Amino acid sequence: MTVTVEKPAAPAEGARSARSLVDAVFRAREISIAGALALLVLFTWVAEPRFLNDQGVKDLLLNAAILVLLAVGQSVVVITRNIDLSVGSVVGLSAFACGKFVSGTDHGVLTVLLLGVLVGAVCGAVSGSLVSFGKVPALVVTLGMLYIIQGLDYWWAQGEQISAADVPQSVLDLGSGSVLGIPYLPLISVLVLAGTAYFLRMYASGRELYAIGSSPEAARLAGVPIRRRVLGAYLFSGAVSGFAGALWLARFGTVVADNAHGWELTVVSAVVVGGVAIVGGTGTVWGAALGALLLTTIVSALAVLKVDSFWADAIAGALLLAAISVDRIVNVRMTRALRKRSAR
């Protein structure tokens, strides 16, 4: 007598199939962003060949470096179905704190960078604790933190400005130096980007962030420590923002209380345009970095073409609305496709 046993692996195969479909969609999204970026650069270069001379390329990379860092930190938070609107104010506070600390001294680069990370991590820990353990909505917490940090920064600065003449040369060299013709700041951003991408893809705790964003209830039932992971995401975002503040000091030398004021929405726009779904659970930091590079290139291209800078904000807003609309359409179609596959 022959007994036929059905394969129990069908659900797993279905899950793999669903995951591959999602990955393919967002890979296509990132490729389309890279294509749009290439077309923008090509069009601007044809209109103004100086756009891609040595200094033009260096300026473009330097301008994008800090925004890319902030987009990486923000992506980790957004993946968990949260948001951090305080990143710009953290950059300002960190830049001023680092400038105040090194003003008129000979402190080294490492000390400045560690101080920036510490300032940002404290801010991230406060926001993350309120969101994860206090269960206060992320939008409310981080908007409140934005105003608190800005107020603290203005109170501390009292209108004071720290000039490049007061900053140690070793710190300024970090912002202006290069290796093999490539500035240090973009290289640092790429290292942070690659390390974060590797962690999210290869470590269980990184993949759990996606699980939380996809379905918090399912993640909880699966034993994922949601509170700790969300707190960790905010700690990382805060630390990266503080680190970016220290690099801001190195890049510009002169800092005031309102550095990076209003960057919050630019960072969120870069992340969403780069394919990280605002509802969480999907997207990559590579896509967010491409989104940041695209927005920075738009601003630079408009400046080169002598177009009113107002259009940079208008284009960024249009891209944000388009990205959210595309996400919605893609999610609906993927849901239908996955249901059809399950029915088979």
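Residues numbered from 1 in each chain as written. Predicted model: local features only at pLDDT ≥ 70, side-chain atom pairs only at ≥ 80, totals over all residues. Heavy atoms only, no water.

*Asks:* An account of the overall build of the protein chain is needed here, citing residue identities and associated values.
*Replies:* Secondary structure assignment for the protein chain yields 13 helices and two strands. Relative to its 344 residues, the protein chain shows a buried fraction of 45%. Of the contacts made within the protein chain by residues no fewer than 6 positions apart, 79% connect residues no fewer than 24 positions apart. Accessible surface, the protein chain: about 17,300 Å² in total, of which carbon and sulfur atoms supply 66%. (Helix = DSSP H or I, 4+ residues; strand = E, 2+ residues; numbered from the N terminus. Buried < 20%, exposed > 50% of the residue type's maximum accessible area, 1.4 Å probe, protein only. Contact = heavy atoms within 4.5 Å. Areas by Shrake-Rupley, 256 points an atom, 1.4 Å probe, with all protein chains shown as cover.)

*Asks:* How would you explain the side chain of Ser 127 if you had to name every residue and give the values?
*Replies:* Among the structural elements, Ser 127 can be located in helix 4 (residues 109–132). Owing to a relative accessible area of 1%, Ser 127 belongs among the buried residues under this scheme. Those residues in contact with Ser 127, other than ones at most four positions away along the chain, are Ser 86, Val 141, Thr 142, Met 145 and Tyr 234.

*Asks:* Please provide a residue-by-residue account of the side chain of Asn 82, values included.
*Replies:* Relative to the assigned elements, Asn 82 resides in the loop between helix 2 (54–79) and helix 3 (87–102). Here the side chain of Asn 82 touches Thr 80 through a polar contact of 3.1 Å, side chain to side chain. Discounting residues that sit within four places of it in the chain, Asn 82 has contacts with Val 77, Val 131, Ala 138, Val 230 and Tyr 234. (Polar contact = N/O pair within 3.5 Å; in protein donor to acceptor, adjacent residues only side chain to side chain.)

*Asks:* Account for helix 11 (residues 263–273), with residues named and values stated.
*Replies:* Along an α-helix, residues three or four apart share an orientation, since each turn contains 3.6 residues. Helix 11 sits mainly inside the fold: eight of its eleven residues count as buried. Buried residues of helix 11: Glu 264, Val 267, Val 268, Ser 269, Ala 270, Val 271, Val 272 and Val 273, and no others. Remark: Gly 275 follows helix 11 within two positions and exhibits a positive phi of approximately 100°.

*Asks:* Can you explain the environment of Asn 53? Please cite residues and give values.
*Replies:* Along the chain, Asn 53 turns up in the loop between helix 1 (10–47) and helix 2. Here Gly 56 takes part through its backbone nitrogen, which lies 2.6 Å from a polar atom of the side chain of Asn 53.

*Asks:* Let's hear about the packing of aromatic side chains: which residues, and what values?
*Replies:* Under the criterion given, the structure shown has five aromatic pairs. Ring geometry for Tyr 198 against Tyr 203: centres 6.2 Å apart, planes inclined by 75°, an arrangement best described as edge-to-face. Residue class for Tyr 198 comes out partly exposed when judged on its relative accessible area of 49%. One aromatic cluster is present, formed by Tyr 198, Phe 199 and Tyr 203 through successive ring pairs. (Phe/Tyr/Trp six-rings, centres within 6.5 Å; stacked < 30°, edge-to-face > 60°.)

*Asks:* Any chance you could break down the packing of helix 4 against helix 10 (residues 226–252) for me, citing the residues and the numbers?
*Replies:* Their axes nearest at 6 Å, the elements helix 4 and helix 10 cross at an angle of 150°. For the element pair helix 4 and helix 10, the recorded crossing hand is right-handed. Of the residues contributing to the contact of helix 4 with helix 10, the split by class is 15 nonpolar, nine polar and one charged. (Axes fitted to C-alpha atoms, helices over the stretch in contact; angles between N-to-C directions. Left-handed = near helix turned anticlockwise from the far one by under 90°. Nonpolar A, V, L, I, M, F, W, Y, C, P; charged D, E, K, R; others polar.)

*Asks:* Which residues make up the confidence of the model for the protein chain, and what are the values?
*Replies:* Averaged over every residue, the pLDDT of the protein chain is 85; residues scoring 70 or more account for 86%. Scored below 50 in pLDDT, residues 1–18 makes two contacts in the model with residues more than four places away or belonging to other chains. (pLDDT = per-residue confidence, 0-100.)

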